[in-house]
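# Working through the structure, step by step
Chain by chain, the residues:
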Amino acid sequence: MSDGNATPLEVVTTFNEALSRRDWDTFASVLGEDLSYTTMSFDLPGGGVPMDRATVLATLPGMVDGLFAAGSPRLEITHVTTDGEWIVVELDGTGEFVTGAEYRNRYANVYQVRDGLIRTVREYMDTGHMATLFSQLPQPD
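None of these values were measured; they are calculated from a predicted model.

Moving on, we come to the confidence of the model for the protein. Across the protein, the average pLDDT comes to 88, with 83% of residues at 70 or higher. Highest mean pLDDT in the protein belongs to helix 2 (residues 24-29) (98); lowest belongs to helix 4 (residues 127-135) (68).

What follows concerns the nonpolar core. Counting 28 residues, the largest nonpolar core has Phe15, Phe27, Tyr111 and Ile118 as the members making the most contacts within it. Contributing elements (two or more residues each) for this core: helix 1 (8-21), helix 2, strand 1 (31-39), helix 3 (53-67), strand 3 (86-96), strand 4 (102-114) and strand 5 (117-125). The element that contributes the greatest number of residues to this core is helix 1, accounting for 5 residues. With near-sequence residues (within four places) excluded, Phe27 lies in contact with Phe15, Ala18, Leu19, Val56, Leu57 and Leu60.

Here we come to the pairing of strand 2 (residues 74-83). Across 9 bridges, strand 2 lies against strand 3 in antiparallel orientation. Across the sheet, residue Thr81 finds its bridge partner in strand 3, namely Val88. Taken together, strand 2 and the strand that follows it, strand 3, pair antiparallel across an intervening segment of 2 residues, in which Gly84 is found at a positive phi of about 65°.

Here the structure, examined in full by the defined rule, presents 6 salt bridges. Salt-bridge contacts for Arg119 lead to Asp34; the nearest nitrogen and oxygen are separated by 2.9 Å. Taken as a pair, Arg119 in strand 5 and Asp34 in strand 1 lie far apart in primary sequence, 85 residues in all. A salt bridge links Glu85 to Arg114; the shortest N-O distance between them is 3.2 Å. Note that Glu85 is positioned in the loop between strand 2 and strand 3 and Arg114 in strand 4, a separation of 29 residues in sequence. By relative accessible area, Glu85 is classed as partly exposed at 27%. Residue Arg114 is classed as partly exposed on the basis of its relative accessible area of 34%.

One open sheet accounts for 5 strands, arranged 1-5-4-3-2; its pairing is mixed. Two strands close off the open sheet at either side, each with one partner strand: strand 1 and strand 2. Strand-to-strand, the axes of this sheet are offset by a mean angle of 20°, without reference to chain direction. Strand direction decides the pairing type here: strand 1 and strand 5, joined by 5 bridges, are parallel. Paired with Thr39 across the bridge in strand 5 is Glu123. Lying over the sheet, helix 1 contacts strand 1, strand 2, strand 3, strand 4 and strand 5, oriented at roughly 165° with respect to strand 2.

Calculation rules
- Residues numbered from 1 in each chain as written.
- Predicted model: local features only at pLDDT ≥ 70, side-chain atom pairs only at ≥ 80, totals over all residues.
- Heavy atoms only, no water.
- pLDDT = per-residue confidence, 0-100.
- Helix = DSSP H or I, 4+ residues; strand = E, 2+ residues; numbered from the N terminus.
- Core = buried A, V, L, I, M, F, W, Y, C linked by side-chain atoms within 4.5 Å.
- Buried < 20%, exposed > 50% of the residue type's maximum accessible area, 1.4 Å probe, protein only.
- Contact = heavy atoms within 4.5 Å.
- Pairing = 2+ DSSP bridges.
- Salt bridge = Lys/Arg side-chain N within 4 Å of Asp/Glu carboxyl O.
- Axes fitted to C-alpha atoms, helices over the stretch in contact; angles between N-to-C directions.

In structure tokens:
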């Protein structure tokens with residue numbers, strides 16, 4: 001688990017760096033048992049439906065590994081605003097899908113960090129753009 005003395009920014013940075021490296025053990029170590037993770041979307045499958053910790057850990061690694069080429073996606077924090085245990089982070093996502101198609105997106109994610117663990121993630125992105133990118137990928141049989 002995460003160091004309870006870590007700042008919210010340190011925890012969120014660890015989360016995003018671990019995701020970029022596909023370091024799923026480190027990624028899991030900063031998630032609270034009571035996690036609520038919601039992709040704030042009307043356009044993407046599963047959007048708007050909060051996921052708990054177990055669902056995130058069962059879903060996200062396979063999705064990332066199945067969609068993205070090695071070394072992708074890369075998430076770069078560009079702006080940060082904090083208010084106590086709440087932190088808002090703007091990120092640029094770049095890389096390649098497994099098909100070789102370019103991946104680019106922008107995010108503004110809201111996190112709640114308490115006792116060194118992420119309790120809430122609200123992921124905002126250009127969901128229309130993401131839906132278009134997904135529609136261009138080969139669909140499973």
